[in-house]
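Geometric and topological summary
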Amino acid sequence: MQKHIVIIIVLLLLAGQVSASYHAETEAQICNNSTGEVMEKVNNELFTISVCDNIKVFKEFSYCYGVEKGDMVFFDSNPDDCEMNGFTVMRNDVQCGVLCQ
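Computed from a predicted model, the values in this text were never measured in an experiment.

1. Focus: the overall build of the chain
Secondary structure summary: the chain contains one helix and six strands in total. In the chain, the succession of α and β elements from N to C terminus is α-β-β-β-β-β-β. Every one of the 101 residues in the chain was classed for burial, and the buried ones make up 26%. Within the chain, contacts between residues separated by at least 24 positions form 40% of all contacts whose residues are at least 6 apart in sequence. Looking at the chain as shown, the accessible area adds up to about 7,300 Å², and 57% of this sits on carbon and sulfur atoms.

As C-alpha cells, this is what we get:
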C-alpha cells in the first residue's frame, strides 16, 4: 500500500514539472506586436519591419532619420490595424511617423 502511495506522489510531482515546462514554453511563444525589428530601410522613406515574424512595410510621412537596419522599435499603436502609426527607435529614441501599407 505504501509503495502505491509513493508511486502516486512521484507521478504527481512529474506531472507538475511537465505542466510548468509547457506553460513556460507557451509564454515564450506569445508575441508582443507593439515592438518590431527594422529589416530594411530605403532612403529613410520606406521601412520593412518584422513584427511577430511578419514583415510589414511602412512609408514615412514625417522626416525619419537615424533608423538603422537591426534597430528595435516601439510602435505607438497596433501595427496590424492602422493607416498611420508612429514608432520610437529603442537605440536612440528617434521618433518616426509612418503610413501603414
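The structure having been displayed, the exposition proceeds.
2. What to know about the sheet that holds strand 1 (residues 35-42)
The strand order around the closed barrel built from six strands is 1-2-3-6-5-4, with neighbouring strands paired in antiparallel fashion. Taking the axes of each pair of neighbouring strands and ignoring which way they run, one obtains an average angle of 45 degrees across the sheet. Sheet topology note: the strand 4 (residues 72-75)/strand 5 (residues 84-89) ladder contains three bridges and is antiparallel. In the sheet register, F74 faces strand 5, and the bridge partner there is T88.

3. Some points on the pairing of strand 1
Relative to strand 4, strand 1 runs antiparallel, the two sharing three bridges. What sits directly across from T35, in strand 4, is F74. Here strand 1 folds back onto strand 2 (residues 46-51), and the loop between the two strands holds three residues, one of which, N43, carries a positive phi near 50 degrees.

4. A short note on a nonpolar patch on the surface
Nonpolar side chains collect at one region of the surface, where V42, L46 and V57 lie side by side and expose about 210 Å² of accessible area between them. Position of L46 relative to the elements: it lies in strand 2.

5. Observations concerning the state of the cysteines
Under the criterion given, the structure shown has three disulfides. Through a disulfide, C31 is tied to C52; the S-S separation comes to 1.4 Å. Here the disulfide of C31 and C52 is left-handed, its torsion about the S-S bond being about -90 degrees. A residue pair is termed long-range when its members are at least 10 positions apart, and C31 in the loop between helix 1 (2-29) and strand 1 and C52 in the loop between strand 2 and strand 3 (54-60) qualify at 21 residues. What makes C31 partly exposed here is its relative accessible area of 40%.

6. Brief notes about the nonpolar core
Generally speaking, soluble globular proteins have nonpolar side chains that are buried together. Counting 14 residues, the largest nonpolar core has I49, V67, V73, F75 and F87 as its most contacted members. When contributions to this core are tallied by element, the ones reaching two or more residues are strand 2, strand 4, strand 5 and strand 6 (95-100). Excluding residues that lie within four positions of it along the chain, V73 makes contacts with S34, T35, G36, V38, I49, F87, T88, V89 and M90.

7. Side note on the pattern of salt bridges
Counted under the stated rule, the structure contains four salt bridges. With a shortest N-O distance of 2.9 Å, D80 and K56 are connected by a salt bridge. With D80 in the loop between strand 4 and strand 5 and K56 in strand 3, this residue pair connects regions lying 24 residues apart in the sequence.

Scoring rules and cut-offs
Residues numbered from 1 in each chain as written. Predicted model: local features only at pLDDT ≥ 70, side-chain atom pairs only at ≥ 80, totals over all residues. Heavy atoms only, no water. Helix = DSSP H or I, 4+ residues; strand = E, 2+ residues; numbered from the N terminus. Buried < 20%, exposed > 50% of the residue type's maximum accessible area, 1.4 Å probe, protein only. Contact = heavy atoms within 4.5 Å. Areas by Shrake-Rupley, 256 points an atom, 1.4 Å probe, with all protein chains shown as cover. Pairing = 2+ DSSP bridges. Axes fitted to C-alpha atoms, helices over the stretch in contact; angles between N-to-C directions. Patch = residues over 30% accessible without salt bridge, like charges linked within 9 Å, V, L, I, M, F, W, Y side chains within 5 Å. Salt bridge = Lys/Arg side-chain N within 4 Å of Asp/Glu carboxyl O. Disulfide = S-S within 2.5 Å. Core = buried A, V, L, I, M, F, W, Y, C linked by side-chain atoms within 4.5 Å.

Scope: geometric values only; no functional claims are made or implied.
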